[in-house]
Amino acid sequence: MGHTSTGKNYINEFAGIKSWLTSLDHKRIGLMYMISVLTFFLVGGIMALLIRLELFQAGPGILGNGDTYNQVMTYHGAIMVFMVIVPGIPAILGNFFLPLHIGAKDVAFPRLNLASWYVFMIGAALAISTFFTTKIDTGWTFYTPYSIKTNTAVVSMVMAAFIMGMSSILTGLNFIVTVHKLRAPGMTMGRIPLFVWAIYSTAVLQVIATPVLGITLLLLAVERLFGIGIFNPELGGDPVLFQHFFWFYSHPAVYIMILPAMGIVSELIATFSRKTIFGYTAIAYSSIGIAAVSFFVWGHHMFVSGQSAVAGLVFSFLTMLVGVPTAIKMFNWLATLYRGSISFQSPMLYALGFLFLFAIGGVTGIMLAVIGLDVHFHDTYFVVAHFHYVMVGGTLMALMGGFYYWMPKMFGKMYDEGMARLSFVFIFIGFNVTFFPQFVLGAMGMPRRYFDYLPAYESLNKISTVGSWLIGIGFLISLYTIIKSLMSGAPAPMNPWGSKTLEWLTPSPPPHHNFDDEPVVTAGPYEYK
Amino acid sequence: MKWMLLLSNNAMAEGGAFMPPAVTDIAGQVNNLYSFILWASFISCVILIGGMIYFVLKYKRRTNNDKTPYISHNTFLEFLWSFIPLVFFLAFFGWGWWIYHQMRIMPDNALEVHVFGRQWSWEFVYKSGKTSGNEFVVPVNKPVKLIMTSKDVIHSFYVPSMRIKQDVVPGKYTTLSFTSEKLGEFQVFCTEYCGTTHSGMLAKLKVVTQEEYEKWIQENEEGMTLSQKGEKYMKDKGCIACHSIDGSPKVGPTWKGVWGQSHTFNDGSTASVDENYVRESILNPNAKVVKGFQAGVMPTFQGQLNEDQINALIEFIKSLK
């Protein structure tokens, strides 16, 4: 069961490190991304624990001084955004499952796909190298003119982000062409799984938005290297212009981070409810809708930057509109549960955890979009709590759920269900203990990016730090569970969950060419009848 | 779990859960809006999360052969859960905009204070020429207008008790206003990341009675008022050669009575004479040339006048009624 007639699959068909580093197989490239991204996640996670340890008490703590704290905070943000969450789901699970989902042998441009990984690794290596030079302390946003004046390794870091952005563009392009050109016979656009719709919308954003970040970072590097006055007011530049450019990319980037997670959640909820997804069309189009509107809301990061009041009015209004498709998705998932046959295997626990945390992340996002309230909340811990609820509570929960869901397919091994559930409990509870108090701290007025704080904020910060330890334990349990499963997990059947999408019609792990016979599609992806 | 109890009991009932006490009318309005959205959010989370928990318990998998109904969609329901959130979102938007709109109205009779941000302290400059670092004293019930700029990187001026915040940007002026209805000492934070001691860039806003304010402002007053300083710089830097202060035209427009007026420029555009316009005209004179005058005559004073001096010049122009 679960083996091709020859016993060959994409993992054992070729051997040796060279066969991996030169592989054009989307599945192997997906795994290489997985190893790199998980390594960076470990580094970024250690930074997060250090930040929380420093903030355990008012006054200097484990990091000793503001400069060190600022560097740790910057690396945490930059690594988690550019090296973990942006590439995370598309490059790992998208690479592995997008071709399988549409019944293709590979992505449209396999060589370009491998090149994307190398480009990503070059960028990542450059980013990590700054750690051994003068480090960087600008925050992940590189705001001018601070980033022009600081004597840290800004040029290397922005070039690293530029190079990783290039990788992101290439991956996006590859996925767009793959979805349009390589669908199996009968796989109409109305039959592709919602995960593919989500990755597709994300790919469009990557291709359109990332070049703007690239050129902005290049301008910043040019300004630093040659003293050309684009953003520096002393040379006649405009520092706020940088913020416009930066958020023109970085707001769509928020959806680059969350849309793939929404795609995974759609798969998980349908599979573990054994039920047709409610409102397939609405969910698919709302992904496109979110992607489109997300280009016109960047100014909501800048309500107090000195942009005109009229701009604030327009951006606040458009931000409300982007909330609607998100609400549609939430209600559609809820409706899918109705009269389902719901099992509580760990991927589903993560999906339900996503709904819980994303609901809170969503409503607090609406609060921040209300301009009169944002003036108070802007740049306080309320914002920190909000985007962690969305990025960690949303994207990372979905990524973990996706890992457990697809692990049997990727490696042909089952995992220990009890341990996986235990890790979920630690991560979910730890997450709320860490970040819920930060909403309260923000409402009280505690600004973000503070090395030190007033004594009034101490008790809530202590609770938050204890929560971070629970999250850490949860991820360690997950790491143990995954390693144990790889070493000694029971062999996985072809379709352990009873799913209806195409990847479950091929052996676990799949053969090098994905399907022994090209699948012919005659029904939608969630036909649980 | 004291804060959880607080959340469920009284804090949400009274305005501004967890927020510091409101000391201005605007802060009270922010509290009302915040409470309304907090309740709406709480209810929608109860519907979403409660509904989820109810469904997963009720429709728990019984056997491995459970049959589920095929429900593809329901247009009416989908319309409802798009439309109802939209109505709420637009209501939040409108209310939030109305509050912001009031925040941005700068009162005419305000006490004007110049604020400079620099790494990592605040400096407050009063019209009398009095300068105060990190202690910002204003009278109660009097509208105060802050005219702010930065001497290095971007900072942000934030007073939680008043629910106001505005970035302080090098190379331009931004403004903020408030009217405190309560006496007391309030915390001022810097909320735009500015480096090593960002978290130490604090100031105290002291709201005192009018008498105490007047007593304070006269303490240590030495030398000239800000506009007297401006008059001196006008003469020292040679502005007087081309600009009159008595209304007569010279090579450049007169300064008398120009403050607040609308100027028409050579390219047909118009702008009113305010802080940013004067600043631009000093540092980049050819950006806007008043109709009837020649471009390219006045040199830039970039690097020749510092922020304090430009500031004093602006005060001097304001005084030339």
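Keep in mind it's a predicted model, so treat the numbers as computed, not measured.

**Considerations on the overall build of chain B**
Reasoning step 1: If you tally the helices and strands in chain B, you get seven helices and 12 strands.
Reasoning step 2: What you see for chain B is a C-alpha radius of gyration of 27 Å, clearly larger than the 20 Å of a compact globule of 321 residues, by over 25%.
Reasoning step 3: For chain B, the spread of C-alpha atoms along the three principal axes comes to 95 × 50 × 35 Å.
Reasoning step 4: In chain B, which comprises 321 residues, the share counted as buried stands at 50%.
Reasoning step 5: Residue pairs in contact within chain B that sit at least 24 positions apart in sequence constitute 62% of those at least 6 positions apart.
Reasoning step 6: Accessible surface for chain B amounts to roughly 15100 Å². Of this, 57% is attributable to carbon and sulfur atoms.
Reasoning step 7: Charge separation in chain B, taken as the distance between the mean sites of 31 positive and 29 negative side-chain charges, equals 7 Å.

**Digging into the nonpolar core**
Reasoning step 1: One finds Phe354 of chain A together with Phe136 and Phe157 of chain B to be the most contacted residues of the largest nonpolar core, which totals 252 residues.
Reasoning step 2: Formed by 26 residues, the second largest nonpolar core is a distinct cluster that contains Phe116, Trp255, Val273 and Ile310 of chain B.

**Quick look at the packing of aromatic side chains**
Reasoning step 1: Using the criterion set out here, one finds 70 aromatic pairs over all chains in the structure.
Reasoning step 2: Taking 5.8 Å as the distance between ring centres and 85 degrees as the angle between the ring planes, the aromatic pair formed by tyrosine 338 of chain A and tyrosine 59 of chain B counts as edge-to-face. You can see tyrosine 338 of chain A sitting in the loop between α10 (309-337) and α11 (346-369) and its partner tyrosine 59 of chain B sitting in the loop between α2 (25-58) and α3 (75-103), one on each of two chains.
Reasoning step 3: Taking the ring centre of phenylalanine 56 of chain A as reference, the NZ or CZ of lysine 462 of chain A above it sits at 4.5 Å.

**Notes on the sheet that holds strand β2 (residues 121-125) of chain B**
All names here are of chain B.
Reasoning step 1: In spatial order, the strands read β3-β2-β1-β5-β8; together these five strands make up an open sheet with mixed pairing. Edge positions in the sheet fall to β3 (131-133) and β8 (174-178), since each has one partner strand and no second. Adjacent strand axes in the sheet meet at a mean angle of 25 degrees when their direction is disregarded.
Reasoning step 2: As paired elements, strand β1 (residues 111-118) and β2 share five bridges and run antiparallel to each other. From the neighbouring strand, valine 115 faces β2, where its bridge partner is phenylalanine 124.

**Details of the confidence of the model for chain B**
Caution is warranted with low-pLDDT regions, since their predicted coordinates should not be read in detail.
Reasoning step 1: Here chain B shows a mean pLDDT of 88. Residues at 70 or above account for 94%.
Reasoning step 2: Confidence drops under pLDDT 50 across residues 1-13 of chain B; counting only partners more than four residues distant or on other chains, this segment forms 17 contacts.

**Concerning the pattern of salt bridges**
Reasoning step 1: The tally for this structure, following the rule as stated, stands at 17 salt bridges over all chains.
Reasoning step 2: The partner of arginine 448 of chain A in a salt bridge is aspartate 379 of chain A, with the nearest N and O atoms 3.5 Å apart. Here the residue arginine 448 of chain A occupies a position in the loop between α14 (417-444) and α15 (458-488), and aspartate 379 of chain A occupies one in the loop between α12 (371-377) and α13 (381-411), the gap between them amounting to 69 residues. Accessibility assignment for this pair places arginine 448 of chain A and aspartate 379 of chain A in one class, buried.
Reasoning step 3: Between lysine 127 of chain B and glutamate 112 of chain B there is a salt bridge, with its nearest N and O atoms 3.2 Å apart. Residue lysine 127 of chain B is found in the loop between β2 and β3, and its partner glutamate 112 of chain B is found in strand β1; the two are separated by 15 residues along the sequence.
Reasoning step 4: The exposure class of lysine 127 of chain B is partly exposed, given its relative accessible area of 37%.
Reasoning step 5: The exposure class of glutamate 112 of chain B is buried, given its relative accessible area of 16%.

**Some thoughts on a nonpolar patch on the surface**
All names here are of chain B.
Reasoning step 1: Taken together, the side chains of Phe36, Phe79, Phe83, Ile84, Val87, Phe88 and Trp95 present a nonpolar region at the surface, about 630 Å² in accessible area.
Reasoning step 2: Examining the composition of the nonpolar patch, we find that six residues originate from one element, α3, more than from any other.
Reasoning step 3: Take phenylalanine 83: its relative accessible area is 41%, and that puts it in the partly exposed class.

**A word on the pairing of strand β6 (residues 155-159) of chain B**
All names here are of chain B.
Reasoning step 1: Among the five residues of β6, five are classified as buried, and the element is accordingly described as predominantly covered.
Reasoning step 2: Burial of the side chains of β6 extends over both faces: His155, Phe157 and Val159 are buried on one face and Ser156 and Tyr158 on the other.
Reasoning step 3: Inspection of the sheet shows β6 paired to strand β7 (residues 164-168) by five bridges, in the antiparallel sense. Note that in β7 the partner of histidine 155 across the bridge is valine 168.

**Describing empty space enclosed by the protein**
Residues and elements named next belong to chain A.
Reasoning step 1: Under the criterion given, the structure shown has seven cavities of 30 Å³ or more.
Reasoning step 2: Each pocket or cavity is described by its volume, and for the largest cavity that value is around 160 Å³.
Reasoning step 3: Along its surface, the largest cavity is lined by 17 residues, and Phe82, Val86, Pro87, Met164 and Ser168 are the ones closest to its centre.
Reasoning step 4: Going through the elements one at a time, α3 (66-101), α6 (154-181) and α7 (194-226) are the ones with two or more residues in the lining of the largest cavity.

**Details of the interface of chain B and chain A**
Reasoning step 1: Contacts between the two partners involve 77 residues from chain B and, on the opposite side, 93 residues from chain A.
Reasoning step 2: Note on chain B versus chain A: buried area summed over both sides is about 7500 Å², and carbon and sulfur give 71% of it.
Reasoning step 3: At the surface where chain B touches chain A, the tally comes to zero salt bridges.
Reasoning step 4: Along the contact surface separating chain B from chain A lie 20 residue pairs in polar contact (both at pLDDT 80 or more).
Reasoning step 5: Looking at which element gives the most residues to the side of chain B that touches chain A, the answer is α2 of chain B, with 15 residues.
Reasoning step 6: Residues belonging to the side of chain B that touches chain A are distributed by class as follows: 45 nonpolar, 22 polar and 10 charged.

**Let's talk about the sheet that holds strand β10 (residues 203-208) of chain B**
All names here are of chain B.
Reasoning step 1: Strand order in the open sheet formed by five strands is β4-β10-β9-β6-β7, with mixed pairing between adjacent strands. The open sheet has two free edges, formed respectively by β4 (135-139) and β7, since each of these has just one partner strand. Direction aside, the axes of adjacent strands within the sheet are offset by 25 degrees on average.
Reasoning step 2: Here β4 runs beside β10; their pairing, made up of five bridges, is parallel. What sits directly across from valine 137, in β10, is lysine 206.

Calculation criteria
- Residues numbered from 1 in each chain as written.
- Chains lettered and ligands numbered in written order.
- Predicted model: local features only at pLDDT ≥ 70, side-chain atom pairs only at ≥ 80, totals over all residues.
- Heavy atoms only, no water.
- Helix = DSSP H or I, 4+ residues; strand = E, 2+ residues; numbered from the N terminus.
- Rg over C-alpha atoms; globule rule 2.2 N^0.38 Å.
- Buried < 20%, exposed > 50% of the residue type's maximum accessible area, 1.4 Å probe, protein only.
- Contact = heavy atoms within 4.5 Å.
- Areas by Shrake-Rupley, 256 points an atom, 1.4 Å probe, with all protein chains shown as cover.
- Lys, Arg positive; Asp, Glu negative; His and termini not counted.
- Charge placed at Lys NZ, Arg CZ, Asp CG, Glu CD.
- Core = buried A, V, L, I, M, F, W, Y, C linked by side-chain atoms within 4.5 Å.
- Phe/Tyr/Trp six-rings, centres within 6.5 Å; stacked < 30°, edge-to-face > 60°.
- Lys NZ or Arg CZ within 6 Å of the ring centre and 35° of its normal.
- Pairing = 2+ DSSP bridges.
- Axes fitted to C-alpha atoms, helices over the stretch in contact; angles between N-to-C directions.
- pLDDT = per-residue confidence, 0-100.
- Salt bridge = Lys/Arg side-chain N within 4 Å of Asp/Glu carboxyl O.
- Patch = residues over 30% accessible without salt bridge, like charges linked within 9 Å, V, L, I, M, F, W, Y side chains within 5 Å.
- 1 Å grid on protein atoms, 1.4 Å probe; cavity = no way out; pocket = protein on both sides within 12 Å on 5 of 7 lines; lining within 4 Å.
- Points joined across faces, edges and corners; volume = space filled by probe spheres on them.
- Buried area = accessible area lost by both parts, 1.4 Å probe.
- Polar contact = N/O pair within 3.5 Å; in protein donor to acceptor, adjacent residues only side chain to side chain.
- Nonpolar A, V, L, I, M, F, W, Y, C, P; charged D, E, K, R; others polar.

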